[in-house]
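Structural characterization, general
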Amino acid sequence: MKAQTSSSALSVARTERVVGTIIVLGPPGAGKGTQAKLISAAYGIPQVSTGDLLRDNVARGTELGLKVKALLGSGGLVDDDLVCDMVSERLGRPDCDRGYILDGFPRTVVQAEWLNRYLKSRQSGNGTAPFGGMTPIVIRLVVEYNRLLQRITGRRSCPTCGRIYNVYFQPPKVEGICDVDGGRFVVRPDDTEEVVVERLKAYEKLTLPLVDYYHTKGRLVEINGDQPVELIAAQAFNAIENVNRL
Ligand code: AMP
């Protein structure tokens, strides 16, 4: 009885307290989106995926969407300024006030430096969030190259609920159909093998340096991303609970 009380007290605390900035870092296919969703549900803070935001802009035909459409399908990275402006607008919304999970951002050292400045500016009173000065917790998912290729080229997602499947490792009960809501799967155009190789190259060249960048700041937690989803999530929650944020 006592244990039940304290565990429910903990879950209330998780969904009410200030969590700050959590970054999920890793190559395409490492499972960032899946883990970001689980953390989002456990802590009641939004998942901010720059890939999803960019795709949404393309789908809505916004000015930003028109600018990035061709590039998005090629595996290259969108201009830092465009992405940072988009992130700034998203993080300024009230649902981010207790914190948020960044999925796919920062992706370059320039973006990481921008984020540092942004968090400092929120701390110094230009924003409402109380966690501006808190150093982000960076959760790095580590997965071997060939495994990534299989994961991405087998990836399918439900257009209605956003659930992600894999035809090799996590197939749905009925081929091509979402178990949750019966939605018909879509394949992201940038999940084809040629584009994936480009995306992995861009990761190694531009994003991998962030591992060193955050390592020196002492808030990097490395997790083996080639484990069952729940086990990775448990390790991620543990990291969020235990990392020294000050
Ligand atoms: P993702 O869904 O995170 O794999 O992102 C899909 C595509 O969106 C990438 O291949 C890039 O072209 C673009 N993109 C997403 N996030 C960023 C970012 N932080 N910086 C630059 N480009 C990005």
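Residues numbered from 1 in each chain as written. Predicted model: local features only at pLDDT ≥ 70, side-chain atom pairs only at ≥ 80, totals over all residues. Heavy atoms only, no water.

Moving on: the sheet that holds strand β1 (residues 20-25). Strand order across the open sheet formed by 5 strands is β2-β3-β1-β4-β7, with parallel pairing between neighbours. The open sheet is flanked by β2 (47-49) and β7 (220-224), the only strands paired with a single partner. Each adjacent strand pair in this sheet contributes to an overall mean axis angle of 20°, direction not counted. Strands in contact with helix α3 (residues 50-60) are β2 and β3 (99-103); relative to β2, the strand with the most contacts, it is inclined by about 65°. (Pairing = 2+ DSSP bridges. Helix = DSSP H or I, 4+ residues; strand = E, 2+ residues; numbered from the N terminus. Axes fitted to C-alpha atoms, helices over the stretch in contact; angles between N-to-C directions. Contact = heavy atoms within 4.5 Å.)

Another aspect to go through is the pattern of salt bridges. Taken as a whole and assessed by the stated rule, the structure comprises 14 salt bridges. The residue Glu-89 makes a salt bridge to Arg-93 at a minimum N-O spacing of 3.0 Å. Classification of Glu-89 by relative accessible area gives partly exposed; the value is 45%. Here Asp-226 ties to Arg-151 by a salt bridge, and the two come within 3.9 Å at their closest N and O atoms. With Asp-226 in the loop between β7 and α10 (229-242) and Arg-151 in helix α7 (residues 145-153), the pair connects residues that are 75 residues apart, well separated along the chain. Owing to a relative accessible area of 35%, Asp-226 belongs among the partly exposed residues under this scheme. Of the residues examined, Arg-151 reaches a relative accessible area of 15% and is grouped as buried. A single network of salt bridges, built from pairs that share partners, joins Arg-155, Arg-188, Asp-190, Asp-191 and Arg-199. (Salt bridge = Lys/Arg side-chain N within 4 Å of Asp/Glu carboxyl O. Buried < 20%, exposed > 50% of the residue type's maximum accessible area, 1.4 Å probe, protein only.)

Below, the discussion takes up the nonpolar core. With 28 residues, the main nonpolar core has Leu-91, Tyr-100, Leu-102, Phe-105, Leu-115 and Tyr-214 as its most contacted residues. Elements with a minimum of two residues in this core: β1, α4 (63-72), α5 (80-91), β3, α6 (109-126) and α9 (209-217). Ignoring any residue separated from it by four or fewer positions in sequence, one finds Phe-105 in contact with Ile-23, Thr-50, Val-83, Cys-84, Val-87, Gln-111, Trp-114 and Leu-115. Ile-22, Val-24, Ile-137 and Val-143 belong to the second largest nonpolar core, which has 26 residues in total. (Core = buried A, V, L, I, M, F, W, Y, C linked by side-chain atoms within 4.5 Å.)

Quick look at the packing of aromatic side chains now. The full count for this structure, using the stated rule, is 6 aromatic pairs. Here Phe-105 and Trp-114 contribute two aromatic rings whose centre-to-centre distance is 5.9 Å and whose plane-to-plane angle is 85°, an arrangement assigned as edge-to-face. Three or more aromatic residues joined by ring pairs make a cluster, and in this case those are Phe-105, Trp-114 and Tyr-118. Directly above the aromatic system of Phe-237 lies the positively charged group of Arg-14, at a separation of 5.1 Å from the ring centroid. (Phe/Tyr/Trp six-rings, centres within 6.5 Å; stacked < 30°, edge-to-face > 60°. Lys NZ or Arg CZ within 6 Å of the ring centre and 35° of its normal.)

Another aspect to go through is the pairing of strand β4 (residues 137-142). With respect to burial, β4 is a largely interior element, 5 of its 6 residues being buried. In the sheet, β1 pairs with β4 via 4 bridges, with the strands oriented parallel. Residue pairing across strands places Val-24 opposite Ile-139, the latter belonging to β4. Looking at chain direction, β4 and β7 are connected through 5 bridges and run parallel. Across the sheet, residue Arg-140 finds its bridge partner in β7, namely Glu-222.

In this structure, the amide linkage connecting Phe-105 to the following residue, Pro-106, adopts the cis form with an omega of -5°. Positionally, Pro-106 belongs in the loop between β3 and α6.

With that settled, consider the pairing of β1. Counting buried positions over the 6 residues of β1 gives 6, a clear majority of the element. Note that β1 and β3 share 5 bridges and pair parallel. Bridge pairing links Gly-20 to Gly-99 in β3.

Distances and angles like these do not, on their own, reveal function.
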